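Architecture and fold: a report
One-letter residues, chain by chain:
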Amino acid sequence: NAAKPPAPRVAVVLFLLKDESVLLGRRCSSVGDSTFALPGGHLEFGESFEECAARELKEETGLEINKTELLTVTNNVFLEEPKPCHYVTVFLRANLADPEQVPQNLEPEKCYGWDWYAWDNLPNPLFLPLEKMVKSGFNPFPDH
Ligand code: 8DG
Ligand code: MG
Ligand code: MG
């Protein structure tokens, strides 16, 4: 029996905006290990993009959002990773429901910690799908 080839998966990730900053976490994962990435994860059966973004953010940081909007989609193929994978990545943006709420690292086995980073002073290295967007000049803020 030949192994079934892997299939593309849908990922939903979130630009959580606060003033001029976005929330990033350093990944602890076989894909993009140690790079800075947005909160997010896999779309579950029956979920809307907005529901997925809110659920993943809540699971990963405890934060709650409002004004969630769809931004764009990119195609991300990771052939060089230990476990090759292919993601169709859906990017949304949102604001904090309560601007005073502080992120918690609720999945420490997957992330070294969350923090806010000014858009004009992002950390390095960024996770490749995010790096590609930044290099293309993409800006997630509403006045752009
Ligand atoms: P789940 O089991 O909670 O559903 O998934 P997860 O453990 O939270 O998965 P993840 O790695 O955080 O996200 C799933 C995939 O989404 C990831 O392997 C690759 C893709 N992805 C991107 N860009 C980004 C990004 O900026 N952040 C995150 N977290 N994932 C991203 O293409
Ligand atoms: Mg997750
Ligand atoms: Mg995640």
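Everything here concerns the structure above.
Rules used in this analysis
Residues numbered from 1 in each chain as written. Chains lettered and ligands numbered in written order. Predicted model: local features only at pLDDT ≥ 70, side-chain atom pairs only at ≥ 80, totals over all residues. Heavy atoms only, no water. Helix = DSSP H or I, 4+ residues; strand = E, 2+ residues; numbered from the N terminus. Expected span 1.5 Å × (residues − 1). Buried < 20%, exposed > 50% of the residue type's maximum accessible area, 1.4 Å probe, protein only. Near = heavy atom within 4 Å. Polar contact = N/O pair within 3.5 Å; in protein donor to acceptor, adjacent residues only side chain to side chain. Areas by Shrake-Rupley, 256 points an atom, 1.4 Å probe, with all protein chains shown as cover. Nonpolar A, V, L, I, M, F, W, Y, C, P; charged D, E, K, R; others polar. Pairing = 2+ DSSP bridges. Donors = N, O, S within 2.8 Å, 3.2 Å for Na, K, Ca; no water. Contact = heavy atoms within 4.5 Å.

Bringing helix α1 (residues 49–61) into the picture now. Under the 1.5 Å per step criterion, the end-to-end length of α1 is 18 Å for 13 residues, consistent within 8% with the ideal 18 Å. For α1, the complete set of buried residues consists of C52, A53, R55, E56, L57, E60 and T61. Positive phi appears at G62, one or two residues downstream of α1, with a value of about 80 degrees.

Turning our attention to the site of ligand 1. Lining the immediate environment of ligand 1, one finds 16 residues, of which R27, L38, E60, T89 and K110 sit closest. One of the side-chain nitrogen or oxygen atoms of E60 is found 2.8 Å away from an oxygen atom of ligand 1. In the environment of ligand 1, an oxygen atom lies 2.7 Å from a nitrogen or oxygen atom belonging to the side chain of T89. Protein contact buries 86% of the 600 Å² of open area that ligand 1 shows by itself. If you tally residues by element for the shell around ligand 1, the top one is strand β4 (residues 40–42), at three residues. Of the residues assigned to the shell around ligand 1, the class counts are seven nonpolar, five polar and four charged.

Pairing of strand β5 (residues 65–78) with strand β6 (residues 85–96), which is carried by 11 bridges, proceeds in the antiparallel orientation. Its bridge partner lying in β6, N75 is registered against V88. Turn length for the β5-β6 hairpin, with the two strands adjacent in sequence and antiparallel, is six residues.

For a metal bound by four donors in tetrahedral geometry, the ideal donor-metal-donor angle is 109.5 degrees, whereas six donors in octahedral geometry ideally sit at 90 or 180 degrees. Those protein atoms acting as donors to the magnesium ion (ligand 2) are E56 (OE) and E60 (OE), and they sit at 2.0 to 2.4 Å. Taken as an interatomic distance, the gap from the magnesium ion (ligand 2) to the magnesium ion (ligand 3) is 3.3 Å; E60 donates to each of them. Taken together, the residues E56 and E60, both in helix α1 and four residues apart, mark about one turn of the helix. The two residues E56 and E60 agree in class, both being buried.

Three- or four-residue spacings in an α-helix give side chains the same orientation, since the helix completes a turn every 3.6 residues. Taken together, the buried positions of helix α2 (residues 128–135) are occupied by P129, L130, E131 and M133. Packing partners of the buried residues in α2 comprise β1 (9–18), β2 (21–27), β3 (36–37), β5 and β6. After α2 finishes, the residue G137 shows a positive phi value of roughly 90 degrees.

With that settled, the discussion passes to the side chain of R55. On the secondary structure map, R55 appears in helix α1. Only 3.1 Å separates the side chain of R55 from the backbone oxygen of H42, close enough to count as a polar contact. Among residues more than four places away in sequence, those in contact with R55 are H42, E44 and E47.

Nothing here speaks to function; it is geometry throughout.
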